[in-house]
Amino acid sequence: MKFFIDTANLDQIREAQDLGVLDGVTTNPSLMAKEGITGRNNILKHYVDICNIVDGDVSAEVIATDFKGMVKEGEQLAELHDQIVVKIPMIKEGIKAIKYFSDNGIRTNCTLVFSAGQALLAAKAGATYVSPFIGRLDDISTDGLNLIAEIRLIYDNYEFDTQILAASIRHTMHILECAKIGADVMTGPLSSIEGLLKHPLTDSGLEKFLADYNKGN
Ligand code: E4P
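Residues numbered from 1 in each chain as written. Predicted model: local features only at pLDDT ≥ 70, side-chain atom pairs only at ≥ 80, totals over all residues. Heavy atoms only, no water.

To continue, consider the side chain of Thr128. For Thr128, the location among the structural elements is in the loop between α6 (116-125) and β6 (129-132). Looking at Thr128, its side chain comes within polar contact range of the main-chain nitrogen of Thr108, at 3.0 Å. Among residues more than four places away in sequence, those in contact with Thr128 are Arg107, Thr108, Asp161, Thr162 and Gln163. (Helix = DSSP H or I, 4+ residues; strand = E, 2+ residues; numbered from the N terminus. Polar contact = N/O pair within 3.5 Å; in protein donor to acceptor, adjacent residues only side chain to side chain. Contact = heavy atoms within 4.5 Å.)

Here is the structure:
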C-alpha cells in the first residue's frame, strides 16, 4: 500500500518524507488556499517545491472545467516535473480529458469520486488513479469503506490498471480498513499516518526496558 500525504504544507510534507515511508502527495485547490498559495505562478512554483521534497507522485489539480481548458492546464502542470500527476474532476468533460491524457502518456488522478459507477468510468477512460472520498461519504452517513470494497471488486473483475487511491482519509482506522480491503494507495493527514505508530503497550514496554537497563548501567 502506498502512503500519500494530503496537504500543501511543506513542513508537514518534509516531516512525512523524513519518516521514510512517504510515496507521494495529493493537493487540491482548498489545501493550496489554506497555505495561502495564490496566483498562477506561485501555485506552479509550489508544486515544484513539493516535487523537490518528496520522492513520488504529486497530484496537481486543474481549475478549468471544460475539455480544452483542462487539457491546456493539465499539459502545463505535467511539464512542470515528471512527478506531477494531473488531477481531474469526475465530470463529463473530465472523463474526456482523462482519456486524452491517457492516450498521450500523461498520468491522471480522477478526483471527487463518490460512486462505483464513477470509478468504473474513470478506469475505462484510463485514469492512473481514482480517488474515492471516503471521509466525505461517512460525513453524510454513507459507508465510505464499502465504496472502496465495491471498486476493488470491479477493478479486479476486469483487471483494470487504475489504482484505487483512498482519499478523504480522516483517521488511522480508515487506513487500516482500506489496507484490509486492498486499496492501492491512501492519502490522509500526517496525524493519520503517525496514528499507526501508537500503542500504550509499546510505550510502557519501552519505559520498563529502559528502566531495567538503567538499574545496571
Ligand atoms: C483528495 O485527493 C483530496 O485532496 C482529499 O483527500 C479531500 O479530503 P477532505 O474530505 O478531508 O477535504
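Turning our eyes to something else, we now look at the site of the ligand. Around the ligand, the surrounding shell consists of Asp6, Thr26, Asn28, Lys87, Phe133, Arg136, Ala167, Ser168 and Arg170. Within the side chain of Arg136, an N or O atom sits 2.7 Å from an oxygen atom of the ligand. Taking Arg170, its side chain carries an N or O atom lying 2.9 Å from an oxygen atom of the ligand. Taken by itself the ligand offers 340 Å² of open surface, and the protein chains cover 86% of this. (Near = heavy atom within 4 Å. Areas by Shrake-Rupley, 256 points an atom, 1.4 Å probe, with all protein chains shown as cover.)

On to the environment of Cys51, then. In this fold, Cys51 is placed in helix α3 (residues 40-53). Residue class for Cys51 comes out buried when judged on its relative accessible area of 3%. Every residue in contact with Cys51, bar those within four places of it in the chain, is listed here: Val58, His81, Gln83 and Ile84. (Buried < 20%, exposed > 50% of the residue type's maximum accessible area, 1.4 Å probe, protein only.)

A word on a nonpolar patch on the surface. A cluster of nonpolar side chains, Met173, Leu176 and Leu196, forms an exposed patch at the surface whose accessible area comes to about 250 Å². By the element assignment, Leu196 lies in the loop between α10 (190-194) and α11 (200-216). The exposure class assigned to Leu196 is partly exposed, which follows from its relative accessible area of 35%. (Patch = residues over 30% accessible without salt bridge, like charges linked within 9 Å, V, L, I, M, F, W, Y side chains within 5 Å. Salt bridge = Lys/Arg side-chain N within 4 Å of Asp/Glu carboxyl O.)

Quick look at the side chain of Asn9 now. One can find Asn9 in the loop between β1 (2-6) and α1 (10-19). Separated by 3.1 Å, the side chains of Asn9 and Glu35 make a polar contact.

Before going further, it helps to examine the pairing of strand β5 (residues 108-113). Among the six residues of β5, five are classified as buried, and the element is accordingly described as predominantly covered. Since strand β4 (residues 84-89) and β5 lie parallel, the crossover through helix α5 (residues 92-103) that links them has a hand, and here it is right-handed. One ladder, built from three bridges, connects β5 with β6; its direction is parallel. Bridge pairing in β6 places Asn109 opposite Tyr129. A crossover links β5 with its parallel partner β6, the connecting element being α6, and its sense is right-handed. (Right-handed = clockwise from strand over helix to strand, strands pointing away. Pairing = 2+ DSSP bridges.)

Once that is clear, we can look at unusual backbone geometry. The phi angle at Ser141 is positive, at roughly 60°, despite the residue not being glycine. Position of Ser141 relative to the elements: it lies in the loop between α7 (134-139) and α8 (144-158).

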